[in-house]
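Per-entry structural report
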Amino acid sequence: TDEDYVQLPRHIHWRVYLELADLAKRNNDFQHARTLYTKAINIQPYASQGWLEYSKLEEECGKLYKCASILHRGLSYCHNNEQQHNENLLTRAIKHEERMGNLSKARQLLGCLKSAKIEKVWRTVLEGALLEGRAGNAVIAKKVLKYLMHHVPWYGPLYLEAYRLEERHSSLTIACDG
């Protein structure tokens, strides 16, 4: 019960609610898990972990619009002093919008990175390039990957993704010519 938490320091109550929500989720008590996730994000709305876990619950329960709503609410709270969104939350929101077929919303979310320093957001920009590749916009995806290779040359998997994109694009060209 809530009274049991009185003995714990207030600044960790939200973490306890997250743990209890996870246990409820594992026991398939989804309604109780929702209640506990809500308590956690109400106590600490600036921690992305609560929003991420709550959105996963709703997605796993098939409530995709509720999941999107939770992610967007979380983004409204979770940003740093430079108004930069939490990278994990933003990436999850972008992927979720893509899965729902809402590419324009996913691109809109990516648009908030325009003024951000690439050193801080390159992972999310990479996700945007991959999104464009999956959407069939190989030209845009290649441009973004080339930009990332220039600014983040030390990240090896970036080159693998560029290779995969080229491989997929080339095979489509060969298939069309054949």
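Located above this text is the structure these notes cover.
Below: a short report on this structure. (Residues numbered from 1 in each chain as written. Predicted model: local features only at pLDDT ≥ 70, side-chain atom pairs only at ≥ 80, totals over all residues. Heavy atoms only, no water.)

1. Let's talk about unusual backbone geometry
Stated precisely, the cut-off is as follows: When a residue's accessible area, from a 1.4 Å probe over protein chains only, is under 20% of the maximum for its type it is buried; when over 50% it is exposed; and in between it is partly exposed.
Of note in this structure, asparagine 28 is not a glycine but carries a positive phi near 60°. You can call asparagine 28 exposed: its relative accessible area is 56%.

2. Considerations on the packing of aromatic side chains
Note the threshold: Aromatic rings from Phe, Tyr and Trp, with only the six-membered ring used for Trp, were paired whenever their centres fell within 6.5 Å, and each pair was classed as stacked if the ring planes differed by under 30 degrees, edge-to-face if by over 60, and tilted otherwise. Numbering of helices and strands starts at the N terminus; helices are DSSP runs of H or I of at least 4 residues and strands are runs of E of at least 2.
Here the structure, examined in full by the defined rule, presents 6 aromatic pairs. For the ring pair tyrosine 37 and tyrosine 54, a centre distance of 5.7 Å and an interplane angle of 20° mean the geometry is stacked. Of this pair, tyrosine 37 sits in helix α2 (residues 30-43) while tyrosine 54 sits in helix α3 (residues 48-60), and the two are 17 residues apart along the sequence. On the accessibility criterion, tyrosine 37 (0% relative accessible area) is buried. Between tryptophan 122 and tyrosine 155 the ring centres are 4.5 Å apart and the planes differ by 55°, which places this aromatic pair in the tilted class. Residue tryptophan 122 is located in helix α7 (residues 118-134), and its partner tyrosine 155 is located in the loop between α8 (138-151) and α9 (156-177); the two are separated by 33 residues in the primary sequence. On the accessibility criterion, tyrosine 155 (26% relative accessible area) is partly exposed.

3. Re helix α5 (residues 87-99)
To be explicit about the condition: Multiplying one less than the number of residues by 1.5 Å gives the expected span of a helix. Any two residues whose heavy atoms approach within 4.5 Å at even a single point are treated as in contact. Polar contacts, as used here, are pairs of N or O atoms within 3.5 Å; protein pairs need one atom able to donate a hydrogen and one able to accept it. Residues neighboring in sequence count only if both atoms are side-chain atoms.
The end-to-end C-alpha distance of α5 is 18 Å, a good match for the 18 Å that 13 residues give at a rise of 1.5 Å each. Regarding α5, the residues found buried are Leu89, Leu90, Thr91, Arg92, Ala93, Ile94, His96, Glu97 and Glu98. At its buried positions, α5 is contacted by α3, α4 (64-77), α6 (103-111) and α7. Sitting at the amino-terminal end of α5 is asparagine 86, which places a side-chain oxygen 3.1 Å from the backbone nitrogen of asparagine 88. Directly after α5, the chain includes glycine 101, whose backbone phi takes a positive value near 80°.

4. Some details on the nonpolar core
Stated formally: For this analysis, a nonpolar core means a set of buried residues of the types Ala, Val, Leu, Ile, Met, Phe, Trp, Tyr and Cys, connected via side-chain atoms within 4.5 Å.
Counting residues in each nonpolar core, the largest one holds 43 residues, and the members touching the most others are Tyr37, Leu89, Ile94, Leu145 and Leu148. Each residue touching leucine 148, except ones within four places of it in the same chain, is listed here: Ile118, Trp122, Val125, Leu126, Pro153 and Leu158.

5. Some thoughts on the side chain of serine 48
Take serine 48: it is sitting in helix α3. In this structure, serine 48 is in contact with Cys78, Asn86 and Leu89, ignoring residues within four places of it in sequence.

As far as function goes, none of this settles anything; it's purely spatial.
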